[in-house]
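One-letter residues, chain by chain:
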Amino acid sequence: MVKIGVLALQGAVSEHLHHIEKCGAEAVSVKKPEQLDDLDGLILPGGESTTIRKLMLKYGFLEPIRAFAKKGKALFGTCAGMIILAKDIEGDTEEEESLGLMDVKVRRNSFGRQVDSFEAGLDITGLDAPFPAIFIRAPHILSVNDHVEVLSTCDDRIVAVRQGNLLATSFHPELTDDYRMIGLFVDMAREAKVKA
Ligand code: GLN
């Protein structure tokens, strides 16, 4: 069975674990870098990217996650997780290094504040019918390079992308009872496992 971890430093963890199990994979809450060793995929959840970055550095996650990605294992960043995956964060003033794995430039909080949270039915490449996407102080992607496939847009803004073994969405797929987005990711992890 494919084993998928959720980085459990801060943010929406339990909902992701539930989705992973619904998609027929084993779900693990990841609190220590050593736990990455026997995983096939890792989800970086939504939350507060500044806080998650600080905690990733504190607990020594940066290099182990980069090595994990380099091995071809699957990574999925949702909302704050998308920000952390991006190589370029617009106007970033944080001292802490970020993961910087995806060739995208991201803008934080580009859909307004918490009170402006909304749901939109999005067409997403790989899914047969619109997905109910929930946006909470969500980022969007300003630009991508040639290696990045745009999977979805919302109001002309890029909100879902894939670059090989890396997947990212501006929205929170785990906050609905539609399991197809995590399902897509579990399939990616399964494919990566077969390749390895
Ligand atoms: N606005 C948050 C940030 O910049 C992300 C919000 C979320 O993950 N729902 O980190």
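Residues numbered from 1 in each chain as written. Predicted model: local features only at pLDDT ≥ 70, side-chain atom pairs only at ≥ 80, totals over all residues.

**Observations concerning the overall build of the chain**
No. 1: Of regular secondary structure, the chain possesses 5 helices and 12 strands.
No. 2: Since a compact globule built from 196 residues should have a radius of gyration of about 16 Å, the 15 Å found for the chain is in line with a globular shape.
No. 3: In terms of its C-alpha atoms, the chain occupies a principal-axis envelope of roughly 40 × 40 × 35 Å.
No. 4: A total of 196 residues make up the chain; the buried ones form 46% of that total.
No. 5: In the chain, once contacts between residues fewer than 6 apart in sequence are set aside, the share between residues at least 24 apart is 68%. (Helix = DSSP H or I, 4+ residues; strand = E, 2+ residues; numbered from the N terminus. Rg over C-alpha atoms; globule rule 2.2 N^0.38 Å. Buried ≥ 20, exposed ≤ 12 C-beta atoms within 10 Å, placed from the backbone. Contact = placed C-beta atoms within 7 Å.)

**What to know about helix 1 (residues 14-22)**
No. 1: Those residues of helix 1 not exposed but buried are His16, Leu17, His19 and Ile20. The arc enclosing the buried residues of helix 1, seen along the axis, measures out at 165°, which places them on a common side.
No. 2: In the core, the buried residues of helix 1 are packed alongside strand 1 (3-7), strand 2 (26-30), strand 3 (41-44) and helix 5 (180-195).
No. 3: Directly after helix 1, the chain includes Gly24, whose backbone phi takes a positive value near 80°. (Arc of directions from axis to C-beta.)

**Looking at the environment of Arg53**
No. 1: With respect to the secondary-structure elements, Arg53 resides in helix 2 (residues 49-58).
No. 2: Accessibility expressed as a C-beta count within 10 Å gives 24 for Arg53, which makes it buried.
No. 3: The sequence separation of Arg53 and Arg190 amounts to 137 residues, and the corresponding C-alpha distance is 27 Å.
No. 4: In this structure, Arg53 is in contact with Ile84, Glu94, Glu96 and Ser98, ignoring residues within four places of it in sequence.

**Considerations on the pairing of strand 12 (residues 166-169)**
No. 1: Side chains Leu166 and Ala168 project from strand 12 onto one buried face, and the interleaved Leu167 and Thr169 project onto a second face that is buried too.
No. 2: Linkage of strand 11 (residues 157-163) to strand 12, two consecutive antiparallel strands, is achieved through a turn of 2 residues, within which Gly164 is found at a positive phi near 60°. (Pairing = 2+ DSSP bridges.)

**A word on unusual backbone geometry**
No. 1: Backbone geometry places Asn109, a non-glycine residue, at a positive phi of 50°.
No. 2: Among the secondary structure elements, Asn109 is positioned in the loop between strand 6 (102-107) and strand 7 (118-122).
No. 3: What makes Asn109 partly exposed here is the crowd of 14 C-beta atoms within 10 Å.

**Re the UniProt feature "active site" (unreviewed entry) in the chain**
No. 1: According to UniProt, the positions carrying the feature "active site" (unreviewed entry) are Cys79, His172 and Glu174. The annotated residues occupy 96 residues of the chain but converge on a single region, no pair of C-alpha atoms lying more than 11.0 Å apart.
No. 2: Secondary-structure assignment places Cys79 in the loop between strand 4 (74-78) and helix 4 (80-85).
No. 3: By the C-beta count within 10 Å, which is 30 here, Cys79 ends up buried. (UniProt positions renumbered as here; feature names shortened; annotations may be inferred.)

**Observations concerning the site of the ligand**
No. 1: Residues in close proximity to the ligand include Gly46, Gly47, Glu48, Ser49, Cys79, Ala80, Ile83, Arg108, Asn109, Ile136 and Arg137, which together make up its full environment.
No. 2: When grouped by side-chain class, the residues that make up the shell around the ligand number 4 nonpolar, 4 polar and 3 charged. (Near = placed C-beta within 6 Å. Nonpolar A, V, L, I, M, F, W, Y, C, P; charged D, E, K, R; others polar.)

**A few points about the environment of Phe171**
No. 1: Note that Phe171 resides in the loop between strand 12 and helix 5.
No. 2: Linking Phe171 and Ala120, residues 51 residues apart in sequence, is a C-alpha distance of 9.6 Å.
No. 3: Residue contacts for Phe171: discarding those within four places in its chain leaves Cys79, Ala133, Ile134, Phe135, Ala138 and Val159.

**Quick look at the UniProt feature "binding site: L-glutamine" (unreviewed entry) in the chain**
No. 1: Under the UniProt annotation, "binding site: L-glutamine" (unreviewed entry) lies at Gly47, Glu48, Ser49, Arg108, Ile136 and Arg137. These annotated residues cover 91 residues of sequence, and their C-alpha atoms lie no more than 12.8 Å from one another, placing them together at a single site.
No. 2: Mapped onto the elements, Arg108 comes out in the loop between strand 6 and strand 7.
No. 3: Leaving out residues up to four positions away in the same chain, Arg108 has contacts with Ile83, Ile89 and Pro139.
No. 4: Within the secondary structure, Arg137 is located in the loop between strand 8 (131-135) and strand 9 (140-144).
No. 5: Setting aside residues up to four positions removed in sequence, Arg137 forms contacts with Asn109, Arg113 and Gln114.

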